[in-house]
Amino acid sequence: MFAAERRQLILEMVRANGAVSLRELARVVQTSEVTVRRDVRALEAEGLLDRRHGGAVLPGGFTRESGFPQKSHLATAEKTAIADLAAGFVEEGEAIVVGAGTTTQELARRLARVPGLTVVTNSLLVAQALAHANRVEVVMTGGTLRGSNYALVGSGAEQSLQGLRVSRAFLSGSGLTAERGLSTSNMLSASVDRALVQAAGEVVVLADHTKLGSDTMFQTVPTDVITRLVTDEPPGHDDRAATELQALADQGVQIAVAGGAGAGHGAGQQGLDSAGERRGPRRDVPLPGQRRSHAPGGGGGGGAPQLRPATPLSEAQGGRVADLAPRRR
């Protein structure tokens, strides 16, 4: 197959699916991932698609949302590492909410081992991952099934969350920026995610580095409502992700990085003391429903929770917390 033919087929696949992994592209066009990566780079230069770690997506941040089959093949190793790290923030006997998404599905698989846990979710995939966990209680929202991501949405889902109070919300999305916070491409999904946030004492966002700096149509969680971001180590050449991490830290978001020894932008390791010895984990579970008022101009609505500082995660739990101190102005 000539290069022009390969690239036309790649473009057609991305347009049809919204997002396609390099592995799948290489399989369909019957060539190596190295060649496909070169083709994707050329198509991106023409503005016909956008590269993402491990795949290609439709160009621009405000395009239609990719379906679950496409998302599940993007940044799989990163999502696994993020889920491993995020699971360390959940304690025995807690009540939490977990939103829909491929990364939160990975988290749910690890939560099956936490005794006495109660998980409220609108995701069929999260519920399925916990269905056989004898020591975990799963509470599902009502609502209308959205088949593209196997989530319950609509007024039924939102009404079922009224009056609920839990310690933490774990959410994912389509994009994350310091300016707007977490966002998604679907209005119904965004509305339910906002209702999940209303129920939580603190908000933990799970987002791999490919989502950093991406902005999509509907805001779900303003930056000043996010307690902690759990992400993976951005590649050294990804200046956008590194810049966005620092900007998020400047606004008070704690950055927990899965894997890697340094974030490439001056990050330290709060999991070590001054002598380089491991510190034990320190827990600080907030009271359900604890709030503080919004800062002016927060953009999150009067009822969205503002959260007290979260505690660092010990390195012994498989990751580190980046010491991204806000820059002095």
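Now for a quick tour of the structure.

About the criteria used
Residues numbered from 1 in each chain as written. Predicted model: local features only at pLDDT ≥ 70, side-chain atom pairs only at ≥ 80, totals over all residues. Heavy atoms only, no water. Helix = DSSP H or I, 4+ residues; strand = E, 2+ residues; numbered from the N terminus. Expected span 1.5 Å × (residues − 1). Contact = heavy atoms within 4.5 Å. Pairing = 2+ DSSP bridges. Axes fitted to C-alpha atoms, helices over the stretch in contact; angles between N-to-C directions. Parallel < 35°, antiparallel > 145°, perpendicular 65-115°, else oblique. Left-handed = near helix turned anticlockwise from the far one by under 90°. Nonpolar A, V, L, I, M, F, W, Y, C, P; charged D, E, K, R; others polar. Buried < 20%, exposed > 50% of the residue type's maximum accessible area, 1.4 Å probe, protein only.

Details of helix H10 (residues 239–250)
Phase 1: In this model H10 runs 16 Å from its N-terminal to its C-terminal C-alpha over twelve residues, within 8% of the 16 Å that 1.5 Å per residue would give.
Phase 2: Looking at the buried positions of H10, the neighbouring elements they touch are strand E10 (175–177), strand E14 (228–232) and strand E15 (254–258).

Quick notes on the pairing of strand E11 (residues 181–184)
Phase 1: As defined by bridge partners, E10 adjoins E11 across three bridges and the pair is classed as antiparallel. Among the inter-strand pairings, Leu 176 is bridged to a residue of E11, identified as Leu 182.
Phase 2: The loop that links E10 with its antiparallel partner E11 comprises three residues.
Phase 3: Two elements, E11 and strand E13 (residues 218–221), share three bridges in a ladder whose sense is antiparallel. Along E13, the bridge assignment pairs Leu 182 with Val 221.

A few points about the packing of helix H5 (residues 76–87) against helix H6 (residues 102–111)
Phase 1: Across the interface, H5 lies against H6 with an axial gap of 8 Å and an inter-helix angle of 50 degrees. One finds that H5 runs oblique with respect to H6. Seen from above, H5 lies across H6 with right-handed handedness. Along the contact surface, H5 presents Lys 79, Thr 80, Ile 82, Ala 83, Asp 84, Ala 86 and Ala 87, while H6 presents Thr 102, Thr 103, Glu 106, Leu 107, Arg 110 and Leu 111.
Phase 2: Class assignment of the residues belonging to the contact of H5 with H6 gives a composition of six nonpolar, three polar and four charged.

Focus: unusual backbone geometry
Phase 1: Positive phi is not limited to glycine here, since Gln 30 has a value of about 60 degrees.
Phase 2: Here Gln 30 is to be found in the loop between helix H2 (22–29) and helix H3 (33–45).
Phase 3: Owing to a relative accessible area of 73%, Gln 30 belongs among the exposed residues under this scheme.
Phase 4: A positive phi is found at Tyr 150, a non-glycine position, where the angle reads about 55 degrees.

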